[in-house]
Structures are given as structure tokens and as C-alpha cells.
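The chain contents come next:
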Amino acid sequence: MHYAFVINGRHDKAFIEDEVKSQLEDVSIDYEIYKTDSEGDATRFVKIYCDFHPDDEVCFVACGGTGTLSEVVNGVVGFRNKSVALLAYGSGNNFTLSFPGRNFRSVKDMLEGELVKSDVIKCNNDYSINVINMGFDSMAAFYGARYILEGKDKPYLRGTLRSIILNRFNHYRIIVDGEKMSRGTTMFCTIANASYYGQNYKCAPYARIDDGHMDVEVNRSTSLLTFALMYRYFKDGHHVENAFCRRRMKFKNARHVEVSSKSLIYLCVDGELVASRHFDINLIDKAVTLRLPVKRED
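It should be emphasised that the depicted structure is a prediction, and the values quoted were computed from it without experimental measurement. (Residues numbered from 1 in each chain as written. Predicted model: local features only at pLDDT ≥ 70, side-chain atom pairs only at ≥ 80, totals over all residues. Heavy atoms only, no water.)

Enquirer: I'd like to hear about the layout of surface pockets, residue by residue, with values.
Expert: If you add up the space inside the largest pocket, you get close to 1800 Å³. What lines the largest pocket is a set of 50 residues, and nearest its centre among them are Ser91, Ala141, Tyr156, Gly271 and Glu272. Looking at the lining of the largest pocket, the elements that each hand over two or more residues are α3 (66–76), β7 (131–135), α5 (136–149), α6 (155–166), β10 (186–192), α7 (224–236) and β16 (272–292). The element contributing the most residues to the lining of the largest pocket is α5, with seven residues. Along the lines of polarity and charge, the residues of the lining of the largest pocket split into 20 nonpolar, 21 polar and nine charged. (1 Å grid on protein atoms, 1.4 Å probe; cavity = no way out; pocket = protein on both sides within 12 Å on 5 of 7 lines; lining within 4 Å. Points joined across faces, edges and corners; volume = space filled by probe spheres on them. Helix = DSSP H or I, 4+ residues; strand = E, 2+ residues; numbered from the N terminus. Nonpolar A, V, L, I, M, F, W, Y, C, P; charged D, E, K, R; others polar.)

Next up, the structure:
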């Protein structure tokens, strides 16, 4: 088995390479290290590597956050004898929260771990292994990214506050396995393969990466007061069972989702913004082999 460590090359992530190299000194494996230099570079590297080594057994180790993991997954889909692991160095590491008891910072634990087949969600031409979201929360990410470019402090807090005020009423047409789930305006919608997104919000408490369906949740628009009352339930993942929240949302397990709008939709695919007026979203069973770290008992 060959291991290709794909390291997020952003200047503020320079420490990752040093830490990974330090851990590699204590193991004996066949490996190489590749540092990304721009957005999408991890996907390009993995695809080219797989094209040139179609039959080799290779584990691509994403060293970064959920975004780096997503880029590696996008490169691997469709290739044989390839697996994906994660050394989590992101700000939230949302994907790892779906797997308690596992150390996603340990090379040794990764090597001693288990292989599992994971579903992925295909969204137009992109793949998601974690969560797709749209509505006020994706617009909060949009504004936050813009505030960063403008040099504003607390960009994501600013973006969230702006989006809560301006983007709670979205005109989406959402069709889930042939059933129209959008009625009136939509505040936000999540389409989940795993359980967490954003700042560690448990948006899909029952989602599993290998259960053969997506967990789709459509929340209709509400007043600011109602949203404030619902907030704590969404944070902890109790909204699905809470009667107050359930009256304002629809939930469905699904294989296919179609989203459209007359206006441009900014949708987050594993935290990365994608814009279109139409999204065709499908689950692909067992599309990626994941190497999860060994699970330790408390």
C-alpha cells in the first residue's frame, strides 16, 4: 500500500507539514507528500495520480479540514484500488464528529484503522461526503467570505447576522424523490450524508455514511423570534424530535433531490460555495473507500 499525504498548502496551515512529517518518522510505510497550492489543486493531483496509477493500491490522506477531504474525495470517485483517509486540521472538523472515539490526528491510529465503504452525494458535477446546505446559512458563508476579502474583523459573525436578516425567505422549488417539499418560502435546507456541518451543528442526527440514503430537511421561513427559539434545538440535533421544530420543517430519507429557483442559488457543498439556478442531487452507494482511525474505548 502506498500513502499519498495531500496537505493543505495555505500559509496559515504551514504547521501541518511539520506535524505530519514528525509522525511519519515513527512509522515504516511507503509514502509521499504533496502540498496544494490553490483551491481545487487536491482534486487535480488525485485525479492525475489515479490516471497514471490505475491498478496501484493507494490511500490518499487528506491533511486539512472537511474542504481538503472533499477535494480528495472528488478526485478518487470512479477509480479502483483507491482509499481516502483524513488527518483533521480544519477549524471545525465537522466530518470527524460523526465518528466519536477515533483520533483523526494520529497517523498510527489511521494505519491501524478499518476500511469502510461510504456513500457520496453527487451535486451536478461535484461530490459531497458530508453535508450540502442552502439558504440563510450558505448565504452567511457567502457574506463571510466577502468580508474576509474586505479585511473586516469577525467576518463570519457579520455574515451570519446579515444573512439572518436578509436571507430567511428563499424561493426554492425542492423536489425529493418526486415529492415537492417546498411550500411558500424556505429558510434553509440541508441534504446530509453525515451528521455535522457549520460550526459543529448537528443538522442530521440520524445520518450515516453507508445507509443508502440522504437525510433531507427543509425548514420553512420563520420570524426572528421563532428562529431564536428553535436555535438551541438545531445546535444539538434535537430538532428532528422536537414538536415545535417539526411543525416548521419537513424531513425525508431520499435518493434524489432537485432544487431550482428563478434566482441564483448559492449552495454549500462540504463548505465550498457553488452557484447555479438548478441542482440535480443524487446519492451514489458505496462510492468511496474510507480508512477510519481505530476506535479506542474510553
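Read on for the rest.
Enquirer: Residue-level account of the pattern of salt bridges, with values.
Expert: A full pass over the atoms with the stated rule returns twelve salt bridges. A salt bridge links arginine 102 to glutamate 114; its shortest N-O distance comes to 2.8 Å. Taken together, the residues arginine 102 in the loop between β4 (82–88) and α4 (107–111) and glutamate 114 in strand β5 (residues 114–123) connect sequence positions twelve residues apart. Among the residues examined, arginine 102 registers a relative accessible area of 18% and is labelled buried. For the salt bridge of glutamate 112 with arginine 296, the shortest nitrogen-to-oxygen distance reads 3.2 Å. Taken together, the positions of glutamate 112 in the loop between α4 and β5 and arginine 296 in the segment after β16 put the pair 184 residues apart, joining distant regions of the chain. Taking relative accessible area as the criterion, glutamate 112 reaches 48% and is therefore assigned partly exposed. Salt bridges sharing common partners tie together Glu17, Lys21 and Lys35. (Salt bridge = Lys/Arg side-chain N within 4 Å of Asp/Glu carboxyl O. Buried < 20%, exposed > 50% of the residue type's maximum accessible area, 1.4 Å probe, protein only.)

Enquirer: Help me get a handle on the packing of α5 against α6, residues and values and all.
Expert: At a minimum axis distance of 7 Å, the contact between α5 and α6 shows a crossing angle of 135°. In terms of orientation, α5 and α6 fall into the oblique class. Both α5 and α6 take part in a crossing whose hand is right-handed. Each of Phe136, Met139, Ala140, Ala141, Tyr143, Gly144, Ala145, Arg146, Tyr147 and Ile148 in α5 lies in contact with α6, whose residues at this interface are Pro155, Tyr156, Arg158, Gly159, Thr160, Arg162, Ser163, Ile164 and Leu166. For the contact of α5 with α6, the class distribution of residues is twelve nonpolar, four polar and three charged. (Axes fitted to C-alpha atoms, helices over the stretch in contact; angles between N-to-C directions. Parallel < 35°, antiparallel > 145°, perpendicular 65-115°, else oblique. Left-handed = near helix turned anticlockwise from the far one by under 90°. Contact = heavy atoms within 4.5 Å.)

Enquirer: Please give an account of a positive patch on the surface that cites residues and values.
Expert: There is a patch of like positive charges on the surface, built from Arg173, Lys180, Arg183 and Lys250. Tracing the sequence through the fold places lysine 180 in strand β9 (residues 179–180). (Patch = residues over 30% accessible without salt bridge, like charges linked within 9 Å, V, L, I, M, F, W, Y side chains within 5 Å. Areas by Shrake-Rupley, 256 points an atom, 1.4 Å probe, with all protein chains shown as cover. Lys, Arg positive; Asp, Glu negative; His and termini not counted. Charge placed at Lys NZ, Arg CZ, Asp CG, Glu CD.)

Enquirer: Tell me about the environment of serine 83, and name the residues and values.
Expert: Along the polypeptide, serine 83 turns up in strand β4. Judged by its relative accessible area of 5%, serine 83 is buried. Sequence-wise, serine 83 and lysine 117 are 34 residues apart; in three dimensions their C-alpha atoms are separated by 9.3 Å. Every residue in contact with serine 83, bar those within four places of it in the chain, is listed here: Val58, Cys59, Phe60, Leu115 and Thr289.

Enquirer: Can you explain the nonpolar core? Please cite residues and give values.
Expert: The biggest cluster of nonpolar side chains holds 30 residues, and the ones touching the most others in it are Phe60, Leu69, Val72, Val73, Val84, Phe95 and Leu290. Counting residues per element, the ones that place at least two in this core are β1 (2–7), α2 (41–52), β3 (58–64), α3, β4, β5 and β16. For valine 72, the residues in contact, after removing those within four places along its chain, are Val6, Ala42, Val46, Phe60, Ala62 and Val84. Core analysis: the second largest hydrophobic core is formed by 22 residues, Met134, Met214, Ala254 and Leu267 among them. (Core = buried A, V, L, I, M, F, W, Y, C linked by side-chain atoms within 4.5 Å.)

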